[in-house]
Amino acid sequence: MVETDVLQMLWKDTCTVKILEEYLAENRSTQKRETVLYSNIPCKLSFYNSMSANPDSRKNKTDVAFQTSQMVKLFLPPEYRIPNGSRIEVTHRGVTTLYGFSSQPELFTNHQEILLEKWEKWV
């Protein structure tokens, strides 16, 4: 596990994973509540920016508007199992941002990678 320890030395961020779980309320109805699955997990948040031409916004043949997009990737230890639909709160450089889980984890020997999107709401 020495490789894992070396990789995780680069991880300066932390995250909390929350899920929406069902429970039986006092009135015997099924309700949902937010529950912390994991907290204070060491992680690394990475950002990838891309720019692409937007053909719908052409004013003429030489003027093309560009769209920019940002992909957010979270690196975590491999032993955590993050379910689909989780909400992940990441503290990166002292700022906490809420993200929604948007991809299946890519599992590797020493880490896993998850693509994230900004949090909107529970579905």
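Cut-offs applied
- Numbering of residues starts from 1 in every chain and runs along the sequence as written.
- The predicted origin of the model limits local features to residues at a pLDDT of at least 70 and limits the giving and counting of side-chain atom pairs to 80 or more, whereas totals for whole chains, interfaces and linings rest on all residues.
- The side-chain quantities take in all heavy atoms of the structure and omit both hydrogens and water.
- Labels follow the DSSP assignment, with helices taken as runs of H or I lasting at least four residues and strands as runs of E lasting at least two, numbered in each case from the N terminus.
- Relative accessibility decides the category of a residue: with a 1.4 Å probe and only protein chains considered, values under 20% of the type maximum give buried, values over 50% give exposed, and everything between is partly exposed.
- Whether two residues are in contact is decided by their heavy atoms, any of which lying within 4.5 Å being enough.
- What sets the accessible areas is the Shrake-Rupley method with a 1.4 Å probe; for residues, cover comes only from the shown protein chains.
- Strands are treated as partners if at least two bridges between them are detected by DSSP.
- For this analysis, a polar contact is any N or O atom pair within 3.5 Å, provided that within protein one partner can donate a hydrogen and the other can accept it, and provided that sequence-adjacent residues contribute only side-chain to side-chain pairs.
- Remark: nonpolar core denotes a set of buried residues (Ala, Val, Leu, Ile, Met, Phe, Trp, Tyr, Cys) joined through side-chain atoms within 4.5 Å.
- Ring pairs are drawn from Phe, Tyr and Trp, using the six-membered ring of Trp, whenever the two centres fall within 6.5 Å, and their geometry is named by plane angle: stacked under 30 degrees, edge-to-face over 60, tilted for the rest.
- The criterion is that NZ of a Lys, or CZ of an Arg, lies within 6 Å of the ring centre and within 35 degrees of the ring normal, and then a charge sits over that ring.

## Here's the deal with the overall build of the chain
Argument step 1. Helix and strand counts for the chain come out as one helix and seven strands.
Argument step 2. For the chain, buried positions account for 31% of its 123 residues.
Argument step 3. Across the chain, every contact between residues at least 6 apart in sequence was considered, and the portion connecting residues at least 24 apart equals 54%.
Argument step 4. Total accessible area on the chain stands at roughly 8700 Å², and carbon and sulfur atoms take up 50% of it.

## Structural notes on the pairing of strand β5 (residues 95-101)
Argument step 1. Note: strand β4 (residues 87-92) against β5, six bridges, orientation antiparallel. Along β5, the bridge assignment pairs I88 with Y99.
Argument step 2. Where β4 folds back onto β5 in an antiparallel hairpin, the turn is made up of two residues, including R93, whose phi is positive at roughly 55°.
Argument step 3. By the bridge criterion, three bridges tie β5 to strand β7 (residues 112-118) in an arrangement that is antiparallel. Each residue of the ladder has a partner; that of G100, found in β7, is E117.

## Concerning the environment of E34
Argument step 1. Its place among the elements puts E34 in strand β2 (residues 30-54).
Argument step 2. Sequence spacing of E34 and S86 is 52 residues, and the spatial spacing of their C-alpha atoms is 9.8 Å.
Argument step 3. A distance of 3.2 Å separates the side chain of E34 from the side chain of R87, its partner in a polar contact.

## Notes on the environment of R33
Argument step 1. Looking at the element boundaries, R33 is found in strand β2.
Argument step 2. On the basis of relative accessibility, which here comes to 39%, the residue R33 falls in the partly exposed class.
Argument step 3. Remark: the alpha-carbon pair of R33 and Y23, spanning 10 residues in sequence, is separated by 7.5 Å.

## A word on the side chain of T97
Argument step 1. With respect to the helices and strands, T97 occurs in strand β5.
Argument step 2. The exposure class of T97 is buried, given its relative accessible area of 18%.
Argument step 3. Contact partners of T97, with chain neighbours within four places excluded, come to I88, E89, V90 and K118.

## Focus: the nonpolar core
Argument step 1. Ranked by size, the top nonpolar core spans 15 residues in total, and within it C15, L74, L76, I88, V90 and L116 carry the most contacts.
Argument step 2. Secondary-structure elements contributing two or more residues to this core are β1 (13-24), β2, β3 (65-76), β4, β5 and β7.
Argument step 3. If near-sequence neighbours (up to four positions away) are discounted, V90 is found in contact with D13, T14, C15, C43, L45, L74, V95, T96, T97, Y99 and L116.

## Quick notes on the packing of aromatic side chains
Argument step 1. Across all of its chains, the model carries one aromatic pair by this definition.
Argument step 2. On the numbers, 4.8 Å between centres and 85° between planes, the contact of Y38 with Y80 is edge-to-face. One end of the pair, Y38, is in strand β2; the other, Y80, is in the loop between β3 and β4, and 42 residues separate them in sequence.
Argument step 3. Under the relative-accessibility criterion, Y38 is labelled partly exposed at 22%.
Argument step 4. The ring of Y23 carries the charged tip of R33 above its face, separated from the ring centre by 4.0 Å.
Argument step 5. We note R87 situated over the ring of W119; from NZ or CZ to the ring centre the distance is 5.4 Å.

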